[in-house]
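Residue strings, one per chain:
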Amino acid sequence: MCSLKTFNIDLEGLNEGKTHFVFDLDNDYFAAPERAEVRGGEVHVEVETERKGDRLQLSFDIKGHVVFGCDRCLDDIVYPTDIREELTVDLLLLDNGQNFGTIDINEDGQFDAAWFAYETIALTLPTRRVHPEGQCDERMERAIADHADRKGQDESENAPIDPRWNELLKLKR
């Protein structure tokens, strides 16, 4: 298990000007229990912060690949990711306890940059997560086809209708 503290940035302790951070998220990071959507991957995260007074501009450059399950065959899909994201933080609002749901800062003024990167990656994943046609696990494809064939045989047009449906059909008329 990786140490999540290594991904924290002390926002309040940053000096004026630009600061550069680099994080590498690997299978150990994605194996944490609360990160169930993504099973693994290798992601390189570069964060550039620029502080001007009480305002911080964070620029994220997220590149690599993540692994998640196929909705059809449950096998792994390796999905490339290349994301640029910006985040602005007003430290005065944080000091007053009014972060307005923009970001989560712990009691020590630390910002978990890796968690922000994870959430950003999760938002870019496709809604329907399946392999391209013909690339799913062959055994699972056969099992799905066999199940569909059996289901089609059970639901033939000559099969008697459940009497409960007859009562519902009366409402339709």
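Here, the structure is the one placed above.
Everything quoted here is computed from the prediction, not taken from an experiment.

1. What about the pattern of salt bridges?
Moving on, step 1. One pass over the structure, following the stated rule, counts 10 salt bridges.
Moving on, step 2. Ionic pairing is found between arginine 84 and aspartate 61, a salt bridge with its closest N-O pair at 3.2 Å. Here arginine 84, found in strand S5 (residues 76–90), pairs with aspartate 61, found in strand S4 (residues 55–69); they are 23 residues apart in sequence, far enough to count as distant.
Moving on, step 3. Relative accessible area serves as the criterion here: at 60%, arginine 84 is assigned to the exposed category.
Moving on, step 4. Three or more residues are tied together by salt bridges with common partners; here these are Asp61, Lys63 and Arg84.

2. Quick look at the environment of alanine 113
Moving on, step 1. Inspection of the secondary structure assignment puts alanine 113 in helix H3 (residues 113–124).
Moving on, step 2. Measuring from C-alpha to C-alpha, the distance between alanine 113 and phenylalanine 60 comes to 8.9 Å, with 53 residues separating the pair along the chain.
Moving on, step 3. In this view, alanine 113 contacts Phe7, Ile9, Phe23, Val47 and Phe60; residues no more than four positions away in its chain are not counted.

3. A short note on the sheet that holds S4
Moving on, step 1. Reading across the sheet, the 4 strands line up as S2-S3-S4-S5 and stay open at both edges, with antiparallel pairing between neighbours. Looking at which strands have only one partner, the edges of the open sheet turn out to be strand S2 (17–25) and S5. Direction aside, neighbouring strands of the sheet carry axes that sit 10 degrees apart on average.
Moving on, step 2. Examined bridge by bridge, S2 and strand S3 (residues 40–52) share 9 bridges and lie antiparallel to one another. Looking at S3, one finds that threonine 19 is bridged to threonine 49.
Moving on, step 3. Together, S2, S3, S4 and S5 form the strand contacts of H3, whose direction differs from that of S5 by roughly 125 degrees.

4. Some thoughts on the side chain of aspartate 61
Moving on, step 1. Judged by its relative accessible area of 16%, aspartate 61 is buried.
Moving on, step 2. Separated by 3.2 Å, the side chains of aspartate 61 and arginine 84 make a polar contact.

Cut-offs applied
Residues numbered from 1 in each chain as written. Predicted model: local features only at pLDDT ≥ 70, side-chain atom pairs only at ≥ 80, totals over all residues. Heavy atoms only, no water. Salt bridge = Lys/Arg side-chain N within 4 Å of Asp/Glu carboxyl O. Helix = DSSP H or I, 4+ residues; strand = E, 2+ residues; numbered from the N terminus. Buried < 20%, exposed > 50% of the residue type's maximum accessible area, 1.4 Å probe, protein only. Contact = heavy atoms within 4.5 Å. Pairing = 2+ DSSP bridges. Axes fitted to C-alpha atoms, helices over the stretch in contact; angles between N-to-C directions. Polar contact = N/O pair within 3.5 Å; in protein donor to acceptor, adjacent residues only side chain to side chain.

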